[in-house]
There are 2 protein chains.
Amino acid sequence: MFYTVGEIAKKLNIPPSTLRYYDKEGLLPFVERSSGGIRMFSDKDFESLSVIECLKKAGMSIKDIRLFMEWCAQGDATISDRLSLFRRQREQVLSQIRQLEETLEILDYKEWYYETALQAGTCAIHENTDPQKIPKRFQNIQRRLHHPPSQDP
Amino acid sequence: MFYTVGEIAKKLNIPPSTLRYYDKEGLLPFVERSSGGIRMFSDKDFESLSVIECLKKAGMSIKDIRLFMEWCAQGDATISDRLSLFRRQREQVLSQIRQLEETLEILDYKEWYYETALQAGTCAIHENTDPQKIPKRFQNIQRRLHHPPSQDP
DNA sequence: ATACAACTTAAAGTCAGCTTTAAGTCAAGA
DNA sequence: TCTTGACTTAAAGCTGACTTTAAGTTGTAT
């Protein structure tokens, strides 16, 4: 069973122009063509496209994904390259998650900050406040916001 | 105590050109100027810059951050706007984290896939494999990779 | 056979978020 | 006072990831 670019684009919920762009950039060396030059995507191409989507979500550039697809096309000689790529990307994603969790803590603090300001009717409630009256889980964050990690010796 | 753009840039570990760009885009309405027109950053500007950094990490655009800074400059009348902004951004970051965790599962599966292929010396080991022999935690992922969620009725 | 929607390409356009360049100004030390 | 390094602006340039356009081709339905 084959699909045209428009059909598979609908299934993946992305614009056909994006798939054509990926093809032009060498991300889709596996797509076949009809005698007239029309792209023919097969069912097994789904998996490759899903992996591309995964690598994009992991933050990889088009260029690096192309390299990976080239490795795939080269066969078993590149297995260890591909393995270390996935290990690297896994670490990358873990550190992105950690980063977002730090960001989340600051957002939580700011939510609390504006909830209390809203109750008080003014942000002035947070001026000259006894640090002890800030909820414990926000004390570190508040301190870091006020004195960001210094860069010098 | 005041800092020039170069000094504060070094402390924040970002290029001075970026700070000038942010200023031009209206993100830094709070910076004062010397009589000669030189930007003078104060210690209390650290907090604003840290919040900008946080919002950037949360995925907000320059444009939306400018809007927030304008609200800050407008005072207590905009507290509830700012509160709902932080609530929205918090949800946003949570869903980014969930997204990355899904991505992580796929990367884990691929790591296992290539580890076993490396041991076997070939990716062919994964062809026509009994689904029961795939570790349980990967069975759903493998199925989803092969048959992505359909878009049609 | 013809119409017509969906395909094809190359090339240009768009957008965000900076970065670089050019020409000039400021301010601290010798 | 002069030099010098860091500052100023406006404007142009860059990168990545698409998107749009224009001109033409394919293939299915009538």
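Here, the structure is the one placed above.
Here's a quick rundown of the structure.

Definitions and limits used
- Residues numbered from 1 in each chain as written.
- Chains lettered and ligands numbered in written order.
- Predicted model: local features only at pLDDT ≥ 70, side-chain atom pairs only at ≥ 80, totals over all residues.
- Heavy atoms only, no water.
- Helix = DSSP H or I, 4+ residues; strand = E, 2+ residues; numbered from the N terminus.
- Rg over C-alpha atoms; globule rule 2.2 N^0.38 Å.
- Contact = heavy atoms within 4.5 Å.
- Buried area = accessible area lost by both parts, 1.4 Å probe.
- Salt bridge = Lys/Arg side-chain N within 4 Å of Asp/Glu carboxyl O.
- Polar contact = N/O pair within 3.5 Å; in protein donor to acceptor, adjacent residues only side chain to side chain.
- Nonpolar A, V, L, I, M, F, W, Y, C, P; charged D, E, K, R; others polar.
- Near = heavy atom within 4 Å.
- Pairing = 2+ DSSP bridges.
- Axes fitted to C-alpha atoms, helices over the stretch in contact; angles between N-to-C directions.
- Buried < 20%, exposed > 50% of the residue type's maximum accessible area, 1.4 Å probe, protein only.
- Least-squares fit on C-alpha atoms with pLDDT ≥ 70 in both.
- Phe/Tyr/Trp six-rings, centres within 6.5 Å; stacked < 30°, edge-to-face > 60°.

## Digging into the overall build of chain A
Next, step 1: Regarding its fold elements, chain A presents six helices and three strands.
Next, step 2: Order of helices (α) and strands (β) in chain A, N terminus to C terminus: β-α-α-β-β-α-α-α-α.
Next, step 3: Computed over the C-alpha atoms, the radius of gyration of chain A is 25 Å, more than 25% above the 15 Å expected from 2.2 N^0.38 for a compact globule of 153 residues.
Next, step 4: Seen along its three principal axes, the alpha-carbon backbone of chain A occupies a region of about 75 × 40 × 25 Å.

## Things to note about the interface of chain B and chain A
Next, step 1: If you look at the interface, chain B gives 49 residues, while chain A gives 49 residues.
Next, step 2: Here chain B packs against chain A, burying approximately 4700 Å² in sum over the two surfaces, 69% of which is carbon and sulfur.
Next, step 3: Considering only the surface of chain B that becomes buried against chain A, B:Leu100, B:Leu107 and B:Tyr114 emerge as the three largest contributors, covering 14% of it.
Next, step 4: Our count for the contact surface shared by chain B and chain A stands at eight salt bridges.
Next, step 5: The partner of A:Glu111 in a salt bridge is B:Arg90, and the shortest N-O contact between them spans 3.8 Å.
Next, step 6: On the surface where chain B and chain A come into contact, there are twelve residue pairs in polar contact (both at pLDDT 80 or more).
Next, step 7: Elements with a minimum of two residues in the side of chain B that touches chain A: helix H1 (5-12), helix H3 (45-57), helix H4 (62-74), helix H5 (79-120) and helix H6 (136-146) of chain B.
Next, step 8: Residues of the side of chain B that touches chain A, tallied by class, amount to 24 nonpolar, eleven polar and 14 charged.

## Focus on the protein's contact with DNA strand C
Next, step 1: The environment of DNA strand C is formed by 19 residues, the closest being A:Thr4, A:Gly6, A:Arg20, A:Arg39 and B:Thr18.
Next, step 2: Atoms of DNA strand C within 4 Å of the protein belong to the sugar or the phosphate in 84% of instances, the rest to bases.
Next, step 3: At 3.2 Å, a side-chain N or O of B:Lys56 approaches a phosphate oxygen of DNA strand C.
Next, step 4: Breaking the surface near DNA strand C down by element, the ones donating at least two residues are helix H1 (5-12) of chain A together with helix H2 (16-24) of chain B.
Next, step 5: The element that contributes the greatest number of residues to the surface near DNA strand C is H2(B), accounting for four residues.
Next, step 6: In terms of residue class, the surface near DNA strand C is made up of seven nonpolar, eight polar and four charged.

## Structural notes on the sheet that holds strand S2 (residues 32-33) of chain B
All names here are of chain B.
Next, step 1: Pairing within the open sheet is antiparallel, and its three strands lie in the order S1-S3-S2. On the outer flanks of this sheet lie strand S1 (2-3) and S2, each paired with one strand and no other.
Next, step 2: Along the sheet, H3 contacts S1 and strand S3 (39-42); its crossing angle with S3, the most-contacted strand, is approximately 90°.

## Some remarks on the pattern of salt bridges
Residue and element names in this part refer to chain B.
Next, step 1: Summed over the entire model, instances satisfying the criterion amount to 18 salt bridges over all chains.
Next, step 2: For aspartate 23, the salt bridge goes to arginine 33, with nearest N and O atoms at 3.2 Å. Note that aspartate 23 is positioned in helix H2 and arginine 33 in strand S2, a separation of ten residues in sequence.
Next, step 3: Using a relative accessible area of 44% as the deciding quantity, one classes arginine 33 as partly exposed.

## Let's talk about the relation of the copies chain B and chain A
Next, step 1: In screw terms, the move from chain B to chain A is a rotation of 180° and a rise of 0.0 Å along the axis, fitting with an RMSD of 0.0 Å. One copy is carried onto the other by what is essentially a two-fold rotation axis. Among all residues of chain B, the one whose C-alpha sits closest to the rotation axis is B:Ile97, at a distance of 3.0 Å.
Next, step 2: The residues that chain B uses at the interface reappear at the interface of chain A in 100% of cases, marking a shared surface.

## Digging into the pairing of strand S3 (residues 39-42) of chain A
All names here are of chain A.
Next, step 1: Sheet topology note: the strand S1 (residues 2-3)/S3 ladder contains two bridges and is antiparallel. Bridged to phenylalanine 2 within S3 is serine 42.
Next, step 2: In this sheet, S3 lies alongside strand S2 (residues 32-33) in antiparallel orientation, the contact comprising two bridges. Bridge assignment links arginine 33 to a residue of S3, and that residue is arginine 39.
Next, step 3: Taking the residues between adjacent antiparallel strands as the criterion, S2 and S3 are bridged by five residues, where glycine 37 takes a positive phi near 95°.

## Topic: the packing of aromatic side chains
Next, step 1: The tally for this structure, following the rule as stated, stands at 18 aromatic pairs over all chains.
Next, step 2: With a centroid separation of 5.6 Å and an interplanar angle of 20°, the aromatic rings of A:Phe86 and B:Tyr114 are classed as stacked. Here the residue A:Phe86 occupies a position in helix H5 (residues 79-120), and B:Tyr114 occupies one in helix H5, the pair thus bridging two chains. Like B:Tyr114, A:Phe86 is buried.
Next, step 3: Members of the aromatic cluster, each reached through a chain of ring pairs, are A:Phe68, A:Phe86, B:Tyr109, B:Trp112, B:Tyr113, B:Tyr114 and B:Phe138.

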